[in-house]
Amino acid sequence: HVGCNAGPEGFWAAVDVWIKKPHVANKRLCGVKETDGKDVDREDLHFLLKDPESELSQDVFSFLQCGISPAHTHGKDKPWPSTVRRLIPKVNCYGKTLQQVTFLPYEEDSEGAVSLKKGNIYQIRLCSHDYNDWSLELHILYPDAWFSDGVVYPKLPWLSSDLLPKLVRWATQCKSSEFRNTLSLLPVEKYSLTYQQLKDKYKAMVKVWPEVTDPEKFVYEDVAIATYLLVLWAEEREEKGLTSRQSFVDLGCGNGLLVHILTNEGHPGKGIDVRRRKIWDMYGPQTLLEEKAITPSESFLFPGTDWLIGNHSDELTPWIPVIAARSSYSCRYFVLPCCFFDFCGKYQRRQCKKSQYREYIDFVAEVSHVCGFVTEEDCLRIPSTKRVCLVGKSRNYESSAEAEAEQQRAHYIQSRHTTSGVIVQGSDVTKHVTDSDRTPGSIWGAGFQPRDKVETVRNCATLPRDFVDGVVLHVANVLLAMTKSDDGRSSSDWNPGGSLSVSEVARLLKQETLQLLKKECGGLQTLLRNNHQVFRVEGGMVNIRDWRDRKSFMSVAKGKPVGSGAVKTRLCWFHTHHPQGCPLQTEQCGFAHGPEDLRLSTRPLKKRKTDAF
């Protein structure tokens, strides 16, 4: 029994998450496949239960009806809405008159015989104590017979200690997502199997990653994107009867790992990026990567390519459906938008009723539709907040209407330039251009700027040291001053300070300071996170970091010894600036308590990042 400040609408929204997306709570599941859904009555249940006169059948009937109050006995004769779902474990792991949902687990043996699993029948009920007082209850038909395999059937205490609180949270939030469910365009079973195979095959890349980016995030994210494309393309081959594997070009390929995986898995293709990465040399000659600035023009058409890929392709994102459409009638595309770009320059918001991300996805989908694609949207399962992709697998016009479709594209691009105030020179985007009319190198978008060959560092690392020190000291002093002297602490207790949201911290700073921070990626929050010796930033809240707390230590060290390779190489901020000094003894602290305690760093110079406090 868990209190729940939500009514029937919230209850059914929460239950819907547990039914359709159980992997959100049970991390040992990959997903679920719904195979059937209908209303069932007593006669249907008699058939399913095989023996309606058995004790089990009678108990199940009683269990289904026990949530109906005597005042609603007519509800007992109504059919029950039901759905059949198949739970898919991760490969490497073993009507609202009735406010309740009952789970009847059926299992199929090797010979195809289906039987009800007696021990694992359970029910989730929404109970009303008064008009505004609700609670969720978990009921088990045979608690003594509960069986757990650790994957599909979790342990019984987990249902009450973990699942019920999650259902309460989902119920009180009770707002439908702006986006589709994850992997809605793919068979989840195939995705799960392929992902595990690729993860095992390429996980060694984490250990040899030469870039300064986080290998855990980037390797497994690219493995997941590769998995999605490989399954998508396998389904396409089966659907169209194709025998050869699809070719591809990855525009703005970055570290090139996605190109490397797709190539190794048998798909011919290449990646293009304006900047060469150190890791490119590790892939070998079979992985084709080109260092070249990409400009939407006749010079960057790919008539012999099946698929164009835009994986976090920044300023190229809205151009990818255009390039695909103009490359050939059969060219398809996959794009994973991240930063918000229009054809030329940053995307300007126009609809405040939508989130900025939802509005931008709709804009790219609009571009795709105007370019003639039947556009599908999906949500990837990757460690990123920007995980909605758009897929253009087919056209919404016949090949004979290509001239008219091209005219529509050209007028749309011109209108976007006019709206953004860009003056279009020449007639590249104002008249229909046939293949014979196009001149090599003609540029479609006046004002388009490819990213710089030399990456500009905007992570607050190049800000003047005195400027950063001043912001850190000012914010820390405000947090320390928030703790009242009469709060019960003795004068010898170390002051951990108060807590402020990032927006509240921003209001503490001068306008010129904020303007300078806005030029950096992540702004103020990035500066605070960079200074992780002093601050802990979680859930949008800023606190003084207490190094005596193991959670605080682990969030920085990620399980490694504090300052691995850099113990005592930086001065302890608390020893110098905190009114009560450092809460740790000199031998316990990973930072130097004074210049005499400093040591030389043992980390290779090329991998060192800009020092933070």
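Only a predicted model underlies this, so the values are computations on that prediction, with no experimental measurement involved.

Rules and cut-offs
- The numbering scheme is per chain: residues are counted from 1 as the chain's sequence reads.
- Note on the predicted model: pLDDT of at least 70 is required for a residue's local features to be given, and 80 or more for side-chain atom pairs to be given and counted; whole-chain, interface and lining totals, by contrast, use all residues.
- Excluding hydrogens and water, the side-chain values take into account all heavy atoms of the structure.
- Runs of H or I in DSSP of at least four residues are treated as helices and runs of E of at least two as strands, each being numbered from the N terminus.
- Each residue is assigned to one of three classes by its accessible area relative to the maximum for its type, calculated with a 1.4 Å probe on protein chains only: buried under 20%, partly exposed between the two thresholds, exposed over 50%.
- For two strands to pair, DSSP has to find at least two bridges joining them.
- The angle between two axes is taken between their N-to-C directions and runs from 0 to 180 degrees, where each axis is a line fitted to C-alpha atoms and a helix contributes only its stretch in contact.
- Only heavy atoms matter for contacts: two residues are in contact if any of them lie within 4.5 Å across the pair.
- The salt bridge criterion pairs a side-chain nitrogen of Lys or Arg with a carboxyl oxygen of Asp or Glu, the two atoms within 4 Å.

This part is about the environment of W494. Relative to the elements of secondary structure, W494 occurs in the loop between α13 (465–481) and β16 (499–501). We classify W494 as buried; its relative accessible area is 9%. A sequence separation of 52 residues divides W494 from D546, and the C-alpha atoms of the two residues are 9.4 Å apart.

Next up on the list: the sheet that holds strand β15 (residues 388–395). A sheet is described by the order of its strands in space; here 7 strands give the open sequence β11-β10-β9-β12-β13-β15-β14, paired in mixed fashion. This sheet does not close on itself; its edge strands, each paired only once, are β11 (288–291) and β14 (373–379). Strand-to-strand twist of the sheet, defined as the mean angle between neighbouring strand axes without regard to direction, takes the value 20 degrees. When strand β9 (residues 248–251) meets strand β12 (residues 307–311), the two strands line up parallel, connected through 3 bridges. Across the sheet, D250 pairs through a bridge with I309, a residue of β12. In this fold helix α8 (residues 257–264) packs onto β9, β10 (269–273), β11 and β12, with an angle of close to 170 degrees to the strand it touches most, β9. Contacts from helix α11 (residues 356–370) reach β13 (332–336), β14 and β15, with the element oriented near 155 degrees to β14.

The next thing to look at is the pattern of salt bridges. Scanning the entire structure with this criterion turns up 24 salt bridges. For the salt bridge of K217 with E221, the shortest nitrogen-to-oxygen distance reads 2.7 Å. Pair noted here: K217 and E221 are both in helix α7 (residues 215–240), with a separation of 4 residues, about one helical turn. The exposure class of K217 is partly exposed, given its relative accessible area of 29%. E221 gets classed as buried once you look at its relative accessible area, which sits at 3%. The closest approach of N and O atoms between E376 and K393, which form a salt bridge, is 3.8 Å. Of the two residues, E376 is situated in strand β14 and K393 in strand β15; the sequence distance between them amounts to 17 residues. Overall, E376 belongs to the partly exposed group, its relative accessible area being 26%. The exposure class assigned to K393 is partly exposed, which follows from its relative accessible area of 24%.

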